[in-house]
Amino acid sequence: MSMTNNEQIEFGSILSSSFEALIDVRYEKSKKIIIVDENTHDNCLEYLLTSFDQLKDAEVMLLPAGEENKVMEVCFQVWNALSEYQIGRKDLIINLGGGLVTDMGGFMASVYKRGVDFMHIPTSLLGMVDASIGGKTGIDLGPFKNQLGTFSQAQKIYIDPIFLATLPEAELWNGYAEMLKHALIADPDHWKGLISISSPDELINLSLIQKSAEIKMSFVNQDPFEKGSRKLLNFGHTIGHAIEGFSLEKDQPIAHGHAVAIGLLLESELSFRGGHLSEANFQAIQQSIKKVFPLVSIDSDAELDELLSIMYNDKKNSEGKILGILIHKIGQCTYDYEFEEEEVRRVLKTLCN
Ligand SMILES: NC(=O)c1ccc[n+]([C@@H]2O[C@H](COP(=O)([O-])OP(=O)(O)OC[C@H]3O[C@@H](n4cnc5c(N)ncnc54)[C@H](O)[C@@H]3O)[C@@H](O)[C@H]2O)c1
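Described below are features of the structure shown in this document. (Residues numbered from 1 in each chain as written. Predicted model: local features only at pLDDT ≥ 70, side-chain atom pairs only at ≥ 80, totals over all residues. Heavy atoms only, no water.)

Section: the site of the ligand
Here is step 1: Taken together, 25 residues are adjacent to the ligand, and D37, E67, G99, S124 and T166 come closest.
Here is step 2: At 2.9 Å from an oxygen atom of the ligand is found a main-chain nitrogen or oxygen belonging to L100.
Here is step 3: Between the ligand and the protein, one listed contact pairs an oxygen atom with a side-chain N or O atom of K216 at 3.3 Å. (Near = heavy atom within 4 Å. Polar contact = N/O pair within 3.5 Å; in protein donor to acceptor, adjacent residues only side chain to side chain.)

Concerning the nonpolar core
Here is step 1: Counting residues in hydrophobic clusters, the biggest one holds 110 residues, and the most contacted among them are F19, I243 and L348.
Here is step 2: For this core, the leading source of residues is helix α7 (residues 169-186), giving 9 residues.
Here is step 3: Each residue touching I243, except ones within four places of it in the same chain, is listed here: I254, A259, I262, L266, V296, L307 and L351. (Core = buried A, V, L, I, M, F, W, Y, C linked by side-chain atoms within 4.5 Å. Buried < 20%, exposed > 50% of the residue type's maximum accessible area, 1.4 Å probe, protein only. Helix = DSSP H or I, 4+ residues; strand = E, 2+ residues; numbered from the N terminus. Contact = heavy atoms within 4.5 Å.)

Regarding the packing of helix α11 (residues 256-273) against helix α12 (residues 279-292)
Here is step 1: Between α11 and α12, the shortest axis-to-axis distance is 10 Å and the interhelical angle comes to 165°. Taken together, the axis directions place α11 and α12 in an arrangement best described as roughly antiparallel. In this structure, α11 crosses over α12, and the sense of that crossing is left-handed. Residues A261, L264, L265, S268, E269 and F272 of α11 pack against E279, F282, I285, Q286, I289 and K290 of α12.
Here is step 2: Class assignment of the residues belonging to the contact of α11 with α12 gives a composition of 7 nonpolar, 2 polar and 3 charged. (Axes fitted to C-alpha atoms, helices over the stretch in contact; angles between N-to-C directions. Parallel < 35°, antiparallel > 145°, perpendicular 65-115°, else oblique. Left-handed = near helix turned anticlockwise from the far one by under 90°. Nonpolar A, V, L, I, M, F, W, Y, C, P; charged D, E, K, R; others polar.)

Section: the packing of α7 against helix α9 (residues 206-222)
Here is step 1: One can describe the packing of α7 onto α9 by two numbers: an axis separation of 9 Å at closest approach and a directional angle of 60°. What the angle tells us is that α7 and α9 run oblique. Judged by the sense of rotation from one axis to the other, the crossing of α7 with α9 is left-handed. Along its contact with α7, which presents M179, H182, I185 and A186, the element α9 presents L208, I209, S212, I215, K216 and F219.
Here is step 2: Each residue belonging to the contact of α7 with α9 can be placed in one class, and the counts come to 7 nonpolar, 2 polar and 1 charged.

Observations concerning the pairing of strand β2 (residues 32-37)
Within a regular strand, side chains alternate between the sheet's two faces.
Here is step 1: Counting buried positions along β2 gives 6 out of 6 residues, so the element sits mostly inside the fold.
Here is step 2: Direction of pairing for β2 relative to strand β4 (residues 92-97): parallel, over a ladder of 4 bridges. Of the residues in β4, the one forming a bridge with K32 is L92.
Here is step 3: Bridge count for β2 against strand β3 (residues 59-63) is 5 bridges, and the pairing is parallel. Paired with I35 across the bridge in β3 is M61. (Pairing = 2+ DSSP bridges.)

Some words on the pattern of salt bridges
Here is step 1: Taken as a whole, this structure holds 16 salt bridges when the rule is applied.
Here is step 2: It is possible to trace a salt-bridge network through shared partners that takes in K250, D299 and E303. (Salt bridge = Lys/Arg side-chain N within 4 Å of Asp/Glu carboxyl O.)

As for α7
Here is step 1: Compared with the 26 Å implied by 1.5 Å per residue over 18 residues, the 26 Å span of α7 between its first and last C-alpha is a close match.
Here is step 2: The element α7 is extensively covered by neighbouring structure, given that 14 of its 18 residues are classed as buried. (Expected span 1.5 Å × (residues − 1).)

Focus on the packing of aromatic side chains
To describe a pair of aromatic rings, you give the distance between the ring centres and the angle between the ring planes.
Here is step 1: Per the counting criterion, the structure on display carries 10 aromatic pairs.
Here is step 2: Ring centres 6.4 Å apart and planes at 20° place the aromatic pair Y176 and F293 in the stacked group. Note that Y176 is positioned in helix α7 and F293 in the loop between α12 and α13 (301-313), a separation of 117 residues in sequence.
Here is step 3: Seen from their ring centres, Y337 and F339 are 5.5 Å apart, and the 65° between their planes marks the pair as edge-to-face.
Here is step 4: For F339, a relative accessible area of 6% corresponds to the buried category.
Here is step 5: Taken together, the aromatic side chains of F19, F52 and Y158 make up a single cluster linked through ring pairs. (Phe/Tyr/Trp six-rings, centres within 6.5 Å; stacked < 30°, edge-to-face > 60°.)

Here's the deal with unusual backbone geometry
Here is step 1: We note that Q86 has phi near 55°; this positive angle belongs to a residue other than glycine.
Here is step 2: Considering the arrangement of structural elements, one finds Q86 in the loop between α4 (72-84) and β4.
Here is step 3: A relative accessible area of 61% means that Q86 is categorised as exposed.
Here is step 4: A positive phi is found at D251, a non-glycine position, where the angle reads about 65°.

So this is what it looks like as structure tokens:
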């Protein structure tokens, strides 16, 4: 695997990026495949095709939208189509979409003929600040998210906020939660910029997006295989993933970003109660998260037990321990902290009716 490097990602209009020169020169003779889902097909593809005449003969492959389609069955269809079009190792796959398309498209490209070059053009906010960056590709297997996958780097990632114009508001908030996480683990100034927004449209802002993407990239560069500091990117996810899974089982699913935001709040509360985070910082975090993301509710002790058991099953936790991130102040965290079950129960009680 080649390491992520800073030239791999370009920010700003794709029209003035290296994209055109690359497809003109390095990929001049390559067949081009563009992978989209139903929504990016309708909202983003035309802009790309009309902007770059070189893509007029590209084959477009359409994935069904939605996480439930991030599965092997769909991959088989695409791999069969790639074989049918005689796509070879010198050809190019362009993934145009949110995290579903970049995770799946990257995965399919990385194993087809042991690897075909691919590029990501993320079109969701979450994709721009998180999913398209870092070289993790993957698909789900049954109830297990991203159970199958590879570490495989895109040749290029083009981050152009123009695609966000059609992204639904709820999806902007989804990306916002991960941006808040980036700020909390690494950058108090970024935090100030993020919490001062008053409408989701203000998130369609290249400098905020670039700041977040660079934070993600810097953690990936330091630790590409998540042996150490990259774990900080899991802040909010120990509790957030459990809440996401729990809400699914309860048939009242909430969005990933929403669950992560609640996770950020409760994991900050754990740090505060443990004496690691000041009350002023905790109140600031609480206020900013509650302003945008409503809490979910837990109705009984049985439900509380269920949430904990989901947490113990999480692949981030091992040997019956609940491992998480401690926040010391806004912009500074440490990883591999073992939370006491009683303390976790105590903060989860905040959610009880
Ligand atoms: N590889 C990683 O490091 C990493 C990190 C975080 C998340 N992920 C993965 O990313 C996925 C979530 O990403 P996501 O939130 O982008 O999901 P997504 O790709 O499903 O996109 C969310 C919704 O927005 C639509 N959409 C995307 N761009 C649009 C646009 N410009 N206009 C209109 N609609 C648009 C999609 O069709 C979809 O309905 C999950 O599968 C998650 O596992 C991966």
